[in-house]
Amino acid sequence: MEQLTCALLVVGGGPGGYAAALRAADLGVDTVLVEAGHAGGTCLNIGCIPSKALIHVADELDRVRRSSAGDGGLGIRATPPHLDLVTARSWQQGVVGTLRSGLEARLRSTGVRVLAGWATLVDGKSAVVTTSAGEVRVTAAHVLLATGSRPIELPGLPWGSRVVSSTEALRVEAVPERLVVVGGGYIGLELGTAYAKLGSQVTIVEAADRLLPTLDADLGAAVGRGLEHHGVDVRLSTSAEALAPAGDALVTRTADGSTAALPADEVLVAVGRRPVTDGWGLEDLDLDRDGPFVAIDDRCQSSMAGVYAVGDLTGEPMLAHRASAQGELVAEVVAGLPRRWDQRCVPAVMFTDPEVVTVGASEDGDNPVVVGRAPLAASGRAHATGDAHGFVRVVARAEDHVIIGIHGVGREVSELSAGFAIAIEMGARLEDLTGSVLAHPTRSEALHEAAVAALAQSSRLTRSTKRSG
Ligand code: FAD
Ligand code: NAD
């Protein structure tokens, strides 16, 4: 068996693994990266990127379709569009292919040794990789586990031709007439919206009593109004049970026990993802777990010294940028730098219509907060680009005005997320935002307006406290 030694062995080439490998190589750490599928992992190949490409196709189609119907009041008339799915798919694959080739080239140029194959851990220092050319034993001073996650399968709805996960839903071969989406979370709402714009009659079935149940209620409610606008039928407090015997309907059960059969040509199940913890020797390593996830400390180290874990394998939030940030941290720790995970926030963006951004908290335990909200209805840019729905909200500690959360809903607010995250990460106070000059006309100005509104609330609070005192 071929033998390889290195300083860092990375298992899994998704955003967690590849970011670690690139950073480690930059820092002079001799690194081997093992990937069984394609470089880029879930995010680049079957997640973030193909989904955003599909959403873009659906958005463009919807825009032209609405123009052809005279919607929008811009005076633009187009002929009713036709979607050539073969071309759209090849464009989507081209986006993925271009980014993947770029990533592979970067891995090569930084000197990361990439092994294409399946890694099985032997112990906390070595793994056997099954490649097309045979087995390779890799021994390392440090090991990083970044095996990611896979979609959860529901017991009553095994994967099959009609019951699909996001992976199959992203490869649109035909637009189903009636699509039922199980799960009103990230994937269900992003892909449900896209399919509605592509022409499917979409029904979303959500077990909780609201959409995006992990977020503030007004954010999910805004997405709910957007879905209604696109003709999507949303069934809350409803669970998916099984396919009807004829296979052409989904049987659901509501909280009060009543059942219904929703006609479905396709059922997309998006009820969460679980970490990939089986089939690669993790069981024998017997690392501490946090539920189904690998437990890690603030250096992303597992319960075994020298064995690190990042990304979806380590739990929520299962987001690509969290995985990458953790991966870079591990590379720096392995290179001997004094790094700890001390980030104040990890932004989350939902690419729905309207988009949602949420960064940081909405409350500070029992401590009083001030909240400023700026509607996009007051934004010149939002009006001038035809959609002034939504808002930006800033939450700050009442005591010292340090900003603890910024949230937004509206068209293209995803691009505001960087400013939101940087403000919180740098410990900005409301006065830092009101004292910053932001370009006009842009949607970002709503950040300034929300901070102004929060300061006004703070002044009112101070005046009323003085009066009552
Ligand atoms: P993964 O990306 O899952 O990579 C793990 C890799 O490890 C895989 O390539 C796998 O082949 C490999 N592997 C596993 N076991 C072994 C082994 N034993 N040997 C060798 N290789 C192995 N996140 C966002 O932040 N923004 C988004 O817009 C977004 N959209 C998404 C859309 C969809 C449809 C989905 C499904 C997910 C989306 N996500 C998004 C989540 C994001 O994809 C994940 O959080 C991210 O990919 C996690 O990165 P990771 O490195 O932990 O694991
Ligand atoms: P999710 O956790 O976001 O949503 C799952 C939803 O399914 C929940 O609202 C839950 O209440 C509901 N549910 C669970 N069981 C059900 C049942 N039997 N019937 C009806 N509803 C049920 O999970 P997801 O949408 O599968 O996404 C997985 C992960 O992928 C997300 O947590 C996120 O981290 C990541 N992701 C991120 C993005 C992004 O950043 N834009 C996009 C897609 C996916």
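Structural notes, computed from the coordinates. Since we're looking at a predicted model, the values are computed, not measured.

## Considerations on the state of the cysteines
Inference 1: Inspection of the entire model under this criterion finds one disulfide.
Inference 2: Residue pairing for C43: its cysteine sulfur links by disulfide to C48, the two sulfurs lying 2.3 Å apart. The chirality of the disulfide connecting C43 with C48 is left-handed, given an S-S dihedral of about -130°.
Inference 3: A relative accessible area of 13% means that C43 is categorised as buried.
Inference 4: On the basis of relative accessibility, which here comes to 26%, the residue C48 falls in the partly exposed class.
Inference 5: Here C6 is not cross-linked by a disulfide; its sulfur's nearest cysteine counterpart is in C300, at 19 Å.
Inference 6: Given the relative accessible area of 10%, C6 is considered buried.

## Topic: helix α11 (residues 417-425)
Inference 1: Where α11 is concerned, the buried positions are S417, F420, A421, A423 and I424. Along the axis of α11, the buried positions cluster into a sector of 160°, meaning they face one direction only.
Inference 2: Those residues of α11 hidden inside the fold are in contact with β20 (348-350), β21 (355-360), β23 (391-397), β24 (403-410), α12 (430-434) and α13 (445-468).
Inference 3: G427 sits one or two positions beyond α11 and adopts a positive phi of about 70°.

## With respect to the packing of helix α1 (residues 15-26) against helix α9 (residues 320-334)
Inference 1: The contact between α1 and α9 brings their axes to 7 Å, and the two run at 35°. In terms of crossing hand, the pair formed by α1 and α9 is right-handed. For the pair α1 and α9, the contacting residues are P15, G16, A19, A20, R23 and A24 in the first and A320, A323, S324, G327, E328, A331 and E332 in the second.
Inference 2: Across the contact of α1 with α9, the residue classes break down as seven nonpolar, three polar and three charged.

## Focus: the site of ligand 2
Inference 1: Around ligand 2 sit 25 residues in total, of which I187, E190, E206, M318 and V349 are the nearest.
Inference 2: Interatomic distance of 2.7 Å between a side-chain N/O atom of E190 and a nitrogen atom of ligand 2.
Inference 3: In this structure, an oxygen atom belonging to ligand 2 sits 2.6 Å away from a main-chain N or O atom of M318.
Inference 4: Here ligand 2 loses 80% of its free accessible area of 850 Å² to cover by the protein chains.
Inference 5: Those elements that provide at least two residues to the shell around ligand 2 are α6 (186-198) and β12 (238-243).
Inference 6: When residues in the shell around ligand 2 are grouped by element, the largest group, four residues, is from α6.

## Overview of a negative patch on the surface
Inference 1: Residues E283, D284, D286 and D288 make up a contiguous surface patch of negative charge.
Inference 2: Position of D288 relative to the elements: it lies in the loop between α8 (282-285) and β17 (289-290).
Inference 3: Note on D288: relative accessible area 49%, which makes it partly exposed.

## Some points on the sheet that holds β20
Inference 1: Taking strand neighbours across the sheet as the criterion, the five strands line up as β20-β21-β24-β23-β22 in an open arrangement whose pairing is antiparallel. Where the open sheet ends on each side, the last strands, each with one partner, are β20 and β22 (369-375). This sheet shows a mean twist of 10° between the axes of neighbouring strands, independent of strand direction.
Inference 2: Pairing analysis gives six bridges linking β21 to β24, with the strands arranged antiparallel. If you follow T358 over to β24, its bridge partner there is H407.

## Here we look at the pattern of salt bridges
Inference 1: Per the counting criterion, the structure on display carries 21 salt bridges.
Inference 2: Two residues, K52 and E190, come together in a salt bridge whose shortest N-O distance is 2.8 Å. Placement of the pair is K52 in helix α3 (residues 48-68) and E190 in helix α6, with a sequence separation of 138 residues.
Inference 3: The closest approach of N and O atoms between D218 and R393, which form a salt bridge, is 2.4 Å. You can see D218 sitting in helix α7 (residues 217-229) and its partner R393 sitting in strand β23, a full 175 residues away along the chain.
Inference 4: By relative accessible area, D218 is classed as partly exposed at 25%.
Inference 5: A relative accessible area of 8% means that R393 is categorised as buried.
Inference 6: Residues participating in the shared-partner salt-bridge network are D216, D218, R373 and R393.

The rules we used
Residues numbered from 1 in each chain as written. Chains lettered and ligands numbered in written order. Predicted model: local features only at pLDDT ≥ 70, side-chain atom pairs only at ≥ 80, totals over all residues. Heavy atoms only, no water. Disulfide = S-S within 2.5 Å. Buried < 20%, exposed > 50% of the residue type's maximum accessible area, 1.4 Å probe, protein only. Helix = DSSP H or I, 4+ residues; strand = E, 2+ residues; numbered from the N terminus. Arc of directions from axis to C-beta. Contact = heavy atoms within 4.5 Å. Axes fitted to C-alpha atoms, helices over the stretch in contact; angles between N-to-C directions. Left-handed = near helix turned anticlockwise from the far one by under 90°. Nonpolar A, V, L, I, M, F, W, Y, C, P; charged D, E, K, R; others polar. Near = heavy atom within 4 Å. Polar contact = N/O pair within 3.5 Å; in protein donor to acceptor, adjacent residues only side chain to side chain. Areas by Shrake-Rupley, 256 points an atom, 1.4 Å probe, with all protein chains shown as cover. Patch = residues over 30% accessible without salt bridge, like charges linked within 9 Å, V, L, I, M, F, W, Y side chains within 5 Å. Salt bridge = Lys/Arg side-chain N within 4 Å of Asp/Glu carboxyl O. Lys, Arg positive; Asp, Glu negative; His and termini not counted. Charge placed at Lys NZ, Arg CZ, Asp CG, Glu CD. Pairing = 2+ DSSP bridges.

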